[in-house]
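Report on the structure
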2 protein chains.
Amino acid sequence: MTKNMYKSSRRSFPVYDSLRQAIIEQALKPGVKLPEDSIGETFGVSRTIVRNALVRLDAEGLVDMQPNRGASVAEPTIEEAYDIFDMRQCLEREVMHRLCRMDPGPIVKALKGHLAEEEKVLGKDSTRSIRLAGEFHILLAELTGSQILANYVNEIVSRCSLILARFAQAHSAECGVEEHAEIIEAIARGDAEHAVTRMHGHLRGVQDRALLNPEDEREENIAAILSRYRPKD
Amino acid sequence: MTKNMYKSSRRSFPVYDSLRQAIIEQALKPGVKLPEDSIGETFGVSRTIVRNALVRLDAEGLVDMQPNRGASVAEPTIEEAYDIFDMRQCLEREVMHRLCRMDPGPIVKALKGHLAEEEKVLGKDSTRSIRLAGEFHILLAELTGSQILANYVNEIVSRCSLILARFAQAHSAECGVEEHAEIIEAIARGDAEHAVTRMHGHLRGVQDRALLNPEDEREENIAAILSRYRPKD
DNA sequence: ATTTACAAGATTGCATACACTTTATGTATT
DNA sequence: AATACATAAAGTGTATGCAATCTTGTAAAT
């Protein structure tokens, strides 16, 4: 668990957390408006509380706030998507290097525990499966013992979920459980080189499935879409 | 300039920015209370605005908010300090690698321009000198063209300033301008190996000057300080 | 038919009021 | 003198009201 819990304002945490979860699980799709009033009604709190949560999510890059125009689920561009995936590569490479310098015993144990859960829900609960796949990467980062590295990975994994929501057809780009197993093995051997390679391959796989069909991109402005439908006079 | 400007709420940006600047420049020292009322009076705005700014700063790790207890300038522990410096090494290593893969022409030009400014104010304006030294690292990150990498570096450089404020005696741990020059040279040659090594040495120098005197740590509670001044009966 | 103007509705920006917590201060009790 | 309790002061948590701004729909003008 991250120590860095939500602090200010007891009642805004549930709002923050629910919104975050909904965005990550792609229930709230990129571009969807997030009006303070209606969200407040849903949770039985005032706009003050909701706004607080939205500001946080904005800072994390999951929500886009514009002056006088309110908040909506962020719509990363394809360029931002590549940027974020590159950054994720960098961060997770660092995770691998650090883990391979540590005592593999407790690390491998924790990872195998997680893997077992992943396998247990494999074909059954799709939502939970996706969530666990993401949490595997967060767990890796937490096991380094670095608070800040774990925070960054946590944040960037969320943003990758958002990217998948935007560009990939639903659930086409999940993590492969077998690949997670291979990564654990490399760590168990303390083989940094292999661990990094495996992780790279793993992430590239996800990225490719998500981004290598750029024609799949949904335009951010409806104008671009509609221009294709407009009959050429 | 980072594209990622402050968004929500026009009037809270000046508050956010001033507080941030004051913390980075060590005018507001770690542990100082930041009451919403008085800050609001200072800026002529309501607590709503101030709170908005504080929430942001809390999310960035520069401010520490606790429920019902308000906000104060964050007081990183020595463990967090090491953690943050390690992360900074990682991020700036990535910056170096990326820059060395790019066309050095425009990059070196921009860097030399910055360096000239650093030299110009060298012995004159200490505050400005420190700020420029930090901005050199941010400029490096921005030159990679990666929005998110630049954001992370920006954030982490700020947090390092906070660490210096907490643990180093005033201004003992500034960046050396000559070292910046050496880094530029390595980039000009496209020599990633050297660039990384130089940057590592540079950062380690700053870190060591800041952290290798752990007895310099200032106690967080006045009690501990005063106990030393109390005459032994 | 297209554009412009403008009014109605919806939503955000911000300040403020009040309840509640924490912290500081004072008083009584031991 | 020390502790415990009561009380006051200060500060935060939250809801709400009003002003400002944006959006949408409708009508007038071209």
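Because the structure is predicted, anything quoted here is derived from the model rather than measured.

1. Considering the overall build of chain A
Regarding its fold elements, chain A presents 10 helices and three strands. Along chain A, helices and strands appear, N-terminal first, in the series α-β-α-α-β-β-α-α-α-α-α-α-α. Relative to its 233 residues, chain A shows a buried fraction of 39%. Residue pairs in contact within chain A that sit at least 24 positions apart in sequence constitute 72% of those at least 6 positions apart.

2. Details of the confidence of the model for chain A
Overall, the predicted model of chain A reaches an average pLDDT of 89, with 86% of residues at or above 70. Two numbers describe this predicted complex: its pTM, 0.92, and its ipTM, 0.91.

3. Topic: the protein's contact with DNA strand C
The environment of DNA strand C is formed by 18 residues, the closest being Gly 70 of chain A together with Ser 9, Arg 11, Ser 46 and Thr 48 of chain B. Elements that contribute at least two residues to the surface near DNA strand C include exactly α2 (36-43) of chain A together with α3 (47-60) of chain B. Looking at which element gives the most residues to the surface near DNA strand C, the answer is α3 of chain B, with three residues. Classifying every residue of the surface near DNA strand C gives four nonpolar, eight polar and six charged.

4. Describing the relation of the copies chain A and chain B
Each copy of the sequence occupies a distinct position, and chain A is placed on chain B by a rotation of 180° and an axial shift of 0.0 Å, giving an RMSD of 0.0 Å. The superposition of one copy onto the other is thereby described by a two-fold rotation axis. Looking at the interface residues of chain A, 100% of them are also at the interface in chain B, so both copies use one shared face.

What counts, and at which threshold
- Residues numbered from 1 in each chain as written.
- Chains lettered and ligands numbered in written order.
- Predicted model: local features only at pLDDT ≥ 70, side-chain atom pairs only at ≥ 80, totals over all residues.
- Helix = DSSP H or I, 4+ residues; strand = E, 2+ residues; numbered from the N terminus.
- Buried ≥ 20, exposed ≤ 12 C-beta atoms within 10 Å, placed from the backbone.
- Contact = placed C-beta atoms within 7 Å.
- pLDDT = per-residue confidence, 0-100.
- Near = placed C-beta within 6 Å.
- Nonpolar A, V, L, I, M, F, W, Y, C, P; charged D, E, K, R; others polar.
- Least-squares fit on C-alpha atoms with pLDDT ≥ 70 in both.

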